[in-house]
Amino acid sequence: MTQFLQLLFEGVSLGATYALVALGFVVIYRASGVINFAQGAMLLLGAYLISWMAVDVGLPFGVAVLAAMGALGAFGAGFHRVALRRVVGQPTFVLVMITIGASIAVSAAVEAVFGDNQRLLGDPWGSSTFHVGAITVTWVKFWGIVVAAVALAVYFSFDRFTRWGLAMRATAGDEEATLSAGVPVGRVHALTWALAGAMATLGGLFLAGFPSAPAHGLGDAALRAFPAVVLGGLSSSVGAVAGGVLIGVVEVMTSGYAPSWLGTNFYAVAPYVVMIAILLVRPYGLLGVKPAERL
């Protein structure tokens, strides 16, 4: 029982971080219909910026996190304005290829500037722990749950109760009608990219905290979170959160309980197996909605 509770805590912590990453995918897809394959590179860049500001510049850790979130938000909005806004109306494939190219360029730039070695994250928790009964709780994983919960609550409040949130939901529902009503759709798209950048920074922070150091392969974690996006439904922000937590729990539980004959790395495959199984029953995800079609 102790092992189960230990793994459950770690799975929920990882899943909360996956939820942030998945939500970054969803906010962009809802607004523009584009799957942002640069999200992994933004995770990587966010973690390295936090490390640089906290360790090299010497900023207090909380200030470094907020500054990195602001920088990645500005980067996301700027990337939309400079690159994606110029190809509005082009096939979705063109937009997707631009995000793939941006991912490669950003990852290469991070490696060129910071090298390919691990860095200190600069966080005040390190690998320190405390105990709740027989369960060992790592501070970075505890704060991963808390910060993810707060960030998600802020996002959903913004989405639900502000004019810009209404504009984002309207754009997701019908972009042409929203544009004809006078809503600045271009600014809405830039805002979604800024939000995705801020979420990627938090996701990169806590994913880096799991091994306690940012490393160049961190951007690949976005692919590990992608099943959460598909499971929840590409257009459902609530589904992204539910899918993220589910995938995190599945991954950690599989690493603890999978039989040896499945191999030592089956935990990395298990989320995709679950994704395929659920999609066979619900092709549009757990909370996804089948698009309405006129006959």
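Note: the structure precedes this text.
Calculation notes
Residues numbered from 1 in each chain as written. Predicted model: local features only at pLDDT ≥ 70, side-chain atom pairs only at ≥ 80, totals over all residues. Heavy atoms only, no water. Helix = DSSP H or I, 4+ residues; strand = E, 2+ residues; numbered from the N terminus. Buried < 20%, exposed > 50% of the residue type's maximum accessible area, 1.4 Å probe, protein only. Contact = heavy atoms within 4.5 Å. Areas by Shrake-Rupley, 256 points an atom, 1.4 Å probe, with all protein chains shown as cover. Salt bridge = Lys/Arg side-chain N within 4 Å of Asp/Glu carboxyl O. Phe/Tyr/Trp six-rings, centres within 6.5 Å; stacked < 30°, edge-to-face > 60°. Core = buried A, V, L, I, M, F, W, Y, C linked by side-chain atoms within 4.5 Å. Axes fitted to C-alpha atoms, helices over the stretch in contact; angles between N-to-C directions. Parallel < 35°, antiparallel > 145°, perpendicular 65-115°, else oblique. Nonpolar A, V, L, I, M, F, W, Y, C, P; charged D, E, K, R; others polar. Polar contact = N/O pair within 3.5 Å; in protein donor to acceptor, adjacent residues only side chain to side chain. Patch = residues over 30% accessible without salt bridge, like charges linked within 9 Å, V, L, I, M, F, W, Y side chains within 5 Å.

Draft legend 1. Structural context of the overall build of the chain. When helices and strands are tallied, the chain shows 11 helices and two strands. Counted from the first residue to the last, the chain has its helices and strands arranged as α-α-α-α-β-β-α-α-α-α-α-α-α. Along the longest, intermediate and shortest principal axes, the C-alpha atoms of the chain span 60 × 50 × 35 Å. Put simply, the chain has 295 residues, and 46% of those count as buried. A separation threshold of at least 6 residues defines the contact pool for the chain, and within that pool the share at least 24 residues apart is 74%. Taken as a whole, the chain presents about 14200 Å² of accessible surface, with 66% of it coming from carbon and sulfur.

Draft legend 2. Inspection of the pattern of salt bridges at higher detail. Applying the stated criterion across every chain, the model contains two salt bridges. E10 is the partner of K141 in a salt bridge, and the nearest nitrogen-oxygen pair spans 3.8 Å. Pair noted here: K141 is in helix α5 (residues 139-161) and E10 is in helix α1 (residues 2-32), with a separation of 131 residues, a long-range link. Assessed through its relative accessible area of 21%, E10 is described here as partly exposed. Linking D56 and R119 is a salt bridge whose minimum nitrogen-to-oxygen distance equals 3.0 Å. Of this pair, D56 sits in helix α2 (residues 39-57) while R119 is found in the loop between α4 (92-114) and β1 (129-132), placing the two residues 63 residues apart along the sequence. Residue D56 is classed as partly exposed on the basis of its relative accessible area of 45%. With relative accessibility at 16%, the residue R119 sits in the buried group.

Draft legend 3. Layout of the packing of aromatic side chains. This structure, assessed with the given rule, holds 11 aromatic pairs. Note on W139 and F142: the rings are 5.6 Å apart at their centroids and 90° apart in plane angle, and the pair reads as edge-to-face. Of this pair, W139 and F142 both sit in helix α5, three residues apart, which is roughly one turn of that helix. Put simply, the rings of F130, W139, F142 and W143 pair up and form one aromatic cluster.

Draft legend 4. Fine view of the nonpolar core. The biggest cluster of nonpolar side chains holds 74 residues, and the ones touching the most others in it are F61, L205 and L207. Here this core gets 13 residues from one element, more than from any other, and that element is α1. In contact with F61, other than residues within four places in its own chain, are I50, A54, L121, G122, D123, P124, W125 and L205.

Draft legend 5. Geometry of the packing of helix α6 (residues 163-173) against helix α8 (residues 185-209). In contact at an axis separation of 10 Å, α6 and α8 are set at 105° when each is read in the N-to-C sense. Classified by the interaxial angle, the pair formed by α6 and α8 is roughly perpendicular. Residues W164, A167, M168 and T171 of α6 pack against V185, R187, V188, H189, L191, T192 and L195 of α8. Its residues assigned to classes, the contact of α6 with α8 shows seven nonpolar, three polar and one charged.

Draft legend 6. Examining the environment of Y155 more closely. Secondary-structure assignment places Y155 in helix α5. Ignoring anything within four residues of it in the chain, the contact list for Y155 reads L23, V27, R30, M168, L195, M199 and S237. Within polar-contact distance, the side chain of Y155 engages the side chain of R30 at 3.5 Å.

Draft legend 7. How the structure looks around a nonpolar patch on the surface. The grouping of F37, F93, M97, I100 and I104 at the surface amounts to a nonpolar patch, some 500 Å² of accessible area in total. Tracing the sequence through the fold places I100 in helix α4.

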